[in-house]
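# Tertiary structure, described
The primary structure of each chain is shown beneath.
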Amino acid sequence: MIGYVCKYTPVELLEAFGEETVKIEPQVKPHESAHDFTHVNMCSYMKGALEQILEQNLKEIVLVNCCDSIRRLNDILKNKVDFLHIIDLPRKINNETDRLFYRQIELFAKAYGEYKGTRLKTGRLKEIIQSRRKEQIPVEKSLVIMGARFEKNIIKRLEETYGIKTINLTCSGNNRLSDTITENNVLFSYAVALLRSFPCMRMVSDRRAFLQSLPVKGIIYNTIKFCDFYSFEYANLKKTVNTPILKVETDYTDSESGQLMNRIDAFMEMLETKSVSRKTRGKRFFAGIDSGSTSTNAVIIDAEGQIMGYSNVPTGAKAHDSAQKAYNLALKNAGLTKEDISFTVATGYGRISLPFANKITTEISCHGKGAYFLDRKVRTIIDIGGQDSKVIRLDEKGNVLDFAMNDKCSAGTGRFLDFMAKAMEISLEEMSQVILNYHKDIVITSMCTVFAESEVISLIAHNTEVKDIIRGLNRSVATRAVSLLNRIKHTEKYMMTGGVAKNKGVVYEIEQKIGAKLLIPSDPQITGALGAAIFAMESSD
Amino acid sequence: MNAIKSYGNIITKNLSDSKKALAYLKLGLNIAGVYLSLFPDRKVPASLQFLQKICVNSIKDYFNHPDNSMWVNIFSPTEILHAMGVNPLFIEAYSGFLAGISIEGQLIDAAEAAGISNSLCSFHKVFLGSGELNLLKKCKMSITTSMICDGNIGTFRYLSEKYQTPLYILDIPYEYNKENVNYVKNQLQEMIRNIEEIFGRKLDMDRLKEVIARENQSKELLKKYLENLALKNLSTSMTYELYMLFASHVFLGREETLSFYRMLLEDIQRAPDRRGKGIFFIHVPPLFEKNFIKYFNFSPEFSILGFDLNYDFLDEIELRDPLEGIARKLLLNSYNGSFDRKIALIDMLMEKTRPDGVIHFCHFGCKQALGGIYLLQRYFREKNIPFLTLDGDVIDKKNNQEGQTKTRLEAFLEIIRNR
Ligand code: SF4
Ligand code: SF4
Ligand code: SF4
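Predicted, not measured: the structure shown is a model, and the values here were computed from it. (Residues numbered from 1 in each chain as written. Chains lettered and ligands numbered in written order. Predicted model: local features only at pLDDT ≥ 70, side-chain atom pairs only at ≥ 80, totals over all residues. Heavy atoms only, no water.)

Glancing now at the overall build of chain B. Helices and strands together make up the secondary structure of chain B, namely 18 helices and eight strands. In terms of overall size, chain B behaves like a compact globule, its C-alpha atoms giving a radius of gyration of 21 Å where 419 residues would be expected to give roughly 22 Å. C-alpha atoms of chain B, sized along the principal axes, occupy 60 × 55 × 40 Å. Counting only residues that meet the buried cut, chain B has 64% of its 419 residues in that class. Contacts spanning at least 24 positions in sequence make up 78% of the contacts within chain B whose residues lie at least 6 apart. Between the centroid of the 52 positive side chains of chain B and the centroid of its 50 negative side chains there is a distance of 4 Å. (Helix = DSSP H or I, 4+ residues; strand = E, 2+ residues; numbered from the N terminus. Rg over C-alpha atoms; globule rule 2.2 N^0.38 Å. Buried < 20%, exposed > 50% of the residue type's maximum accessible area, 1.4 Å probe, protein only. Contact = heavy atoms within 4.5 Å. Lys, Arg positive; Asp, Glu negative; His and termini not counted. Charge placed at Lys NZ, Arg CZ, Asp CG, Glu CD.)

Another aspect to go through is the nonpolar core. Within the largest apolar cluster, 229 residues are counted, with the highest numbers of intra-cluster contacts made by Trp71, Ile80, Tyr225, Phe296 and Phe380 of chain B. Counting only domains with at least three residues in this core, you end up with domain 1 (2–131) and domain 2 (142–271) of chain A. Not counting the four nearest positions on each side in its chain, phenylalanine 380 of chain B is found in contact with Ile282, Ile346, Met350, Val358, Ile385 and Phe387 of chain B. Residues Ile435, Ile442, Leu473 and Met496 of chain A belong to the second largest nonpolar core, which totals 38 residues. (Core = buried A, V, L, I, M, F, W, Y, C linked by side-chain atoms within 4.5 Å. Domains from an automatic or database assignment.)

This part takes up the packing of aromatic side chains. All names here are of chain B. In total, this model carries 30 aromatic pairs over all chains according to the counting rule given. One aromatic cluster is present, built from ring pairs that chain together Tyr62, Phe63, Trp71, Tyr94, Phe97, Phe127 and Tyr163. A cation over a ring is seen here: lysine 397 above phenylalanine 288, with NZ or CZ 4.7 Å from the ring centre. (Phe/Tyr/Trp six-rings, centres within 6.5 Å; stacked < 30°, edge-to-face > 60°. Lys NZ or Arg CZ within 6 Å of the ring centre and 35° of its normal.)

Let us now look at the site of ligand 2. As a matter of local geometry, ligand 2 sits amid Cys43, Tyr45, Cys66, Cys67, Ser69, Ile70, Met201, Ile224, Cys227 and Phe229 of chain A. Classifying every residue of the shell around ligand 2 gives nine nonpolar, one polar and no charged. (Near = heavy atom within 4 Å. Nonpolar A, V, L, I, M, F, W, Y, C, P; charged D, E, K, R; others polar.)

Moving on: the site of ligand 3. Every residue lining ligand 3 is accounted for by Cys121, Phe123, His124, Cys149, His283, His363, Cys366 and Gln368 of chain B. Residues that form the shell around ligand 3 fall into these classes: four nonpolar, four polar and no charged.

The next subject is the pairing of strand β11 (residues 307–314) of chain A. Residues and elements named next belong to chain A. Where strand β10 (residues 295–302) meets β11, seven bridges bridge the pair, whose relative direction is antiparallel. Along β11, the bridge assignment pairs asparagine 297 with asparagine 312. With antiparallel pairing between neighbouring strands as the criterion, β10 and β11 make up a hairpin whose turn holds four residues, including glycine 305 at a positive phi of roughly 80 degrees. (Pairing = 2+ DSSP bridges.)

On to the packing of helix α10 (residues 205–228) of chain B against helix α12 (residues 255–270) of chain B. All names here are of chain B. In contact at an axis separation of 9 Å, α10 and α12 are set at 20 degrees when each is read in the N-to-C sense. Between α10 and α12, the angle falls in the class roughly parallel. Considering how the two elements wind past one another, α10 and α12 form a crossing that is left-handed. Taking contact as the criterion, the partners of Arg214, Gln217, Ser218, Leu221, Leu222, Lys224, Tyr225 and Asn228 in α10 are, on α12, Glu255, Thr257, Leu258, Tyr261, Arg262, Leu264, Leu265, Ile268 and Gln269. Taken together, the residues of the contact of α10 with α12 break down into eight nonpolar, five polar and four charged. (Axes fitted to C-alpha atoms, helices over the stretch in contact; angles between N-to-C directions. Parallel < 35°, antiparallel > 145°, perpendicular 65-115°, else oblique. Left-handed = near helix turned anticlockwise from the far one by under 90°.)

A separate point is a nonpolar patch on the surface. Residues and elements named next belong to chain B. Together, Ile10, Tyr24, Leu27, Ile31, Tyr35 and Phe39 make up an exposed nonpolar region whose accessible area comes to about 590 Å². Considering every element that reaches the nonpolar patch, the biggest residue donor is helix α2 (residues 18–38), with four residues. By the secondary structure assignment, isoleucine 31 is in helix α2. Residue isoleucine 31 is classed as partly exposed on the basis of its relative accessible area of 49%. (Patch = residues over 30% accessible without salt bridge, like charges linked within 9 Å, V, L, I, M, F, W, Y side chains within 5 Å. Areas by Shrake-Rupley, 256 points an atom, 1.4 Å probe, with all protein chains shown as cover. Salt bridge = Lys/Arg side-chain N within 4 Å of Asp/Glu carboxyl O.)

Here we come to the pattern of salt bridges. All told, the structure shown has 45 salt bridges over all chains when counted by the stated rule. Across the pair aspartate 150 of chain B and arginine 91 of chain A runs a salt bridge, and its minimum N-O distance is 4.0 Å. Of this pair, aspartate 150 of chain B sits in the loop between β3 (141–145) and α8 (151–163) while arginine 91 of chain A is found in the loop between β4 (83–87) and α5 (95–116), placing the two residues in two different chains. Residue classification places aspartate 150 of chain B among the buried positions, given a relative accessible area of 3%. When salt bridges with common partners are traced through the structure, they connect Lys185, Glu318, Arg320, Asp321, Glu324 and Arg328 of chain B into a single cluster.

If you check the domain split of chain A, you get domain 1 (2–131), domain 2 (142–271), domain 3 (285–372 + 528–539) and domain 4 (381–525). Taken over C-alpha atoms, the centre of domain 1 of chain A sits 42 Å from the centre of domain 4 of chain A.

Take the interface of chain A and chain B next. Each side of the interface is counted separately: chain A has 50 residues, and chain B has 53 residues. Of the roughly 4300 Å² buried between chain A and chain B, counting both surfaces, carbon and sulfur atoms make up 50%. For the interface between chain A and chain B, the tally reads seven salt bridges. Across the salt bridge formed by glutamate 179 of chain B and arginine 103 of chain A, the nearest N and O atoms sit 3.4 Å from each other. The tally of links between chain A and chain B comes to 26 residue pairs in polar contact (both at pLDDT 80 or more). For the side of chain A that touches chain B, the secondary-structure elements that each account for two or more residues are α2 (32–37), α4 (68–77), α5 and α10 (230–240) of chain A. (Buried area = accessible area lost by both parts, 1.4 Å probe. Polar contact = N/O pair within 3.5 Å; in protein donor to acceptor, adjacent residues only side chain to side chain.)

In this section: the confidence of the model for chain B. Considering every residue of chain B, the mean pLDDT works out to 93; 99% of them sit at 70 or more. This prediction of the complex comes with two scores: 0.74 for pTM and 0.95 for ipTM. (pLDDT = per-residue confidence, 0-100.)

Turning our eyes to something else, we now look at unusual backbone geometry. Looking along the chain, the bond that leaves glutamate 492 of chain A and enters lysine 493 of chain A is cis, with omega of -5 degrees. Within the secondary structure layout, lysine 493 of chain A lies in the loop between α17 (466–485) and β17 (494–497). Here glutamine 164 of chain B, not a glycine, exhibits a phi torsion of approximately 55 degrees, which is positive. Here glutamine 164 of chain B shows up in the loop between α8 and β4 (167–170). Of the residues examined, glutamine 164 of chain B reaches a relative accessible area of 61% and is grouped as exposed. The phi dihedral of histidine 283 of chain B falls on the positive side, at around 65 degrees, and the residue is not glycine. Given a relative accessible area of 10%, histidine 283 of chain B falls into the buried group.

In C-alpha cells form, the structure reads like this:
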C-alpha cells in the first residue's frame, strides 16, 4: 500500500503495478507526534498527514513538490519510511513542461519498479486508463469547491443534504484525465493528461476564465491555516466574481464541528433565496447592537435575516462612543449607510445610553434569539464573555424558559483567562489549547483572579509544566460554567457563545464535564447583537 | 530613533490619503539619503556605512524613478536588470523598511481586510498592505521566482493585477539536472524578451558578462571575509546583517557592491580579535526585537557572526554562457530542493565561523524554514553546538512575546557564557 497526497499523483500507474493506493486524509485528532518532528506553525494538513503516516505505519509514500510544507514533509520522512519519492510538478503548462513532467513520471515509475523488483507494464496502464471515463461536468448549476483540500465526507454530506451536485476543484477532487489517450507513447500522453487536468490553486494560472465555463451556483472556498496558496485567489475572486462565495476554514482537527455545517447551511439557504446581486434597491436592513462590558458588537441583517456586515470593537470608557464606532464599522462592512437602516435594537450593559436605538431589549432575550436563529435545535446556551457569564434555556420555539448569571466578579470569565495568560507570559492562543497529554492534574482552587494569579505564579516557581497549568486554568473556568449550568435544567443541544467560546481548551473541558458537544458559532461574540438585529427585523414588521 | 518614530507617525496619520503618505515617504527617503552622507553611523566600520547608503538609495531611486524600476523578490536574477540599467525594488526589504518606521501594523491589517490570510508571512503581508493602501509606485514590470518560498508568486500576481503591471514568473524546478537547466534558461530568454519590449532597450550580453564578472569577484571577497569571522570582531548590528542581503542578492554584480565587499574585507582584517562569544543566526534575525537588540547589537560580549541567507550560493558563475550560469545558480541555491542542501551549507558555515551558539528565530508564517526545525535540532545535537529556537515575527511586532523571549534567550546565553 502506497500513500499519496496530491491529485497530480499518477495513481493509475501505481495501480498498473498492482499496488493499492491510499490518499492521505488525516482524521480528526491532535497532532501529537507530528509536533515532535516539525514546528506547530506548519499547515494542518501537513501535520495531519505526518501524524497519519507515522501512526498507521505507512511504509511507501509518494509526494508531489506542491508547496513548502510538502517539501519539508519529504525531508522529515527520509529514513522513516521504506519508499519515498517526490515528483516535481511544474507551475507552467506548455510543451516543454509536458516533457519535463513526463520525465518525472518516467523516473518515478523506474524508482518504484526498482523498489518493487518489477517493471511497469504499459499495456496494463493503458487498460486501466481506458477503463476510466472522463468525469462529466454536471450541466445543472452546481456548488463549486475551491481552495485547499476539502474532506470528501463533508462533500458527500452536502450533496445528500441539499440534493445538489458539486464540482470539487481542490486537491481532493478526482477530475483528473482531461483527455483520453491517443498517442502511441502511453506514458507520455498519460503524463500530459495528468498535468493538464483541472488546475488546482497551486498551478500558476488564473482560474476565473475556467470558472466561467462551469455551471456555478455558488462557491465554497476552503482555507487551511498556514497555507499560502489560497488567500490570493480568494481575495481576487471576492473582488471580481459576481457569484456567492463562502469562505470556510477547516483544519483537519475539528472540521466536522457544528460550526462548519452551520455556516454551510446558512450559505445554502442564501443560495436558494437570494439573487446574485447583494444589494437591491429599496431593500430593508436592520441593526442590532450589543454593548458589553469588554466588547461592543454590531450586526446588520437584511429582511431575510442574512448577515450583511458586523463588527466587534473593544468597549472604551464611554459605552456610547464604542457603540457608535461598532455601528459605523458594521455599516461600512455591509457597504451601507445609516439611512439604509429601518430599525435598530440595542442590548447589553450600555444599552440605556444609546440614543440612536429605536428599542432596547435584554441581553438574555437577544442571546436566546441569536443562538436559536443560528441553530433551531439549540436548547441551552452558555455565554462567557469578558466579564460575565450566563446560561440560558430555550423552548422548542426559541423562547427563553430560564436563565442564570454569575456574580459581579470576573472569576471564570474571559478577563480571568487574559490575566492568567499575562501572568504566565503566554499568548491567548497558547491559552486556548486542548491538552490531552498532561503530566499533572493541576486544580486551580482559587476562583478570585488575584488569588489565582499567585497560585499560578507559585506553580511556575515549582517548575510545573505550562501545559498542565493551562489545562488547570481552562478546567477551572469550565467548572465554573458547569456549576452555573446546573442552576438551570439543561438539555441538548448546547451552544456556547461569547469570546471564551473561542478557547478550544475551555470548550473541550466543558464538553467532557457535561458529556455532550457544544455548537460554536463562527463568530461567537456577535450572537447577542445578531439576536438584537432579528428583534429589530421583527419589531418593524 | 525618536525621529524615526515621529516620521512613522506622520505617515500613519496620512495613510488614508495615499498621495500625501507617498509624498512623505519620498521626502523622508531623500532626507535620509542626505543625512547618511552627512552623519554616517560611527558605530560601524566604513564598509557598513557605505552599505547603508546603498540600501537607502535603492529605495529612494525607486521612489524617484518608478518607471525605471521593477519589483523583484530576493532570489530574482537581477544581474540582467543591472546589465540593462533597471533598478530593482527588493520587496522583502521594502517591507522591512516600512516596519522600520513602525507602520507595519496598519499595512498588515489592510492586507488581511482584503482577504489575505493572516498566517501569511509578514514580509509579504506588509508589501501587499502597502499595495492595498496605495503606498507603492507603479513599476513598469515585476519578476519573481517560484523557488524556496510559496508566498512570492501569490504576492506578485496579486499586486501585478492590482497595479496592472506585467509580471514574469520564473518557475524553478526542485532538482538540478540538464533538462531543468534548459527549462530555466529558456524562461530567462523569454523574460529578457519581455523586458526588452517593455523598457524599449536591448540587453547587451557583454555588459551582462561584466556584471557577472563583478558578481564572481564579490563572491571571492565574501568567501575571504567568511574566513575571518571565526577570529575577528566586527562591530555590527542585526540591521546591518540584513542590509547585507542587498549586497549578497539583488545588488550583486553592481560596481558599488564590489566596492562594498572590498571595504568589508579590509574592515574585518583590520578589526580587533574577538574576545566575547560568537552567535550565528539561522534564517532572519529579529532586528526589531528588544531583547535581541539589547544582547547582540554592537555587543562585545555576544558578537553577531552572520546569518546563513547571505551565503546561499557561493560558486562562480560561468562567463561562457551567462544565462546558463544564472539558471545553474537558481537551481543550485542552497534552499532550493531538499533540506539536506541547507544543512550542508550550515555545516560549512559552522566550520568557518565556529560559533559558540546558534539561534534560529522561527519567523511566523515561514514554512520553508520552520518545517525543517527538527532536522536542524538533530544536526546541532550531533555537532554538540548549543542551539536555540524562538518563535516570533521579524517584522510584525505584535506577534512577539517579549517576556517569553527574554526568559529563554537569557537562559540560553547563560549556558553559553558558562561553556
Ligand atoms: S494544491 Fe495542487 S499540487 Fe498541491 S497537493 Fe493540491 S492538487 Fe496537488
Ligand atoms: S494545505 Fe496548502 S500548505 Fe498545506 S499541504 Fe496543502 S497546499 Fe501545502
Ligand atoms: S521569511 Fe520565509 S516565508 Fe517570509 S519571505 Fe522569507 S522565505 Fe518567504
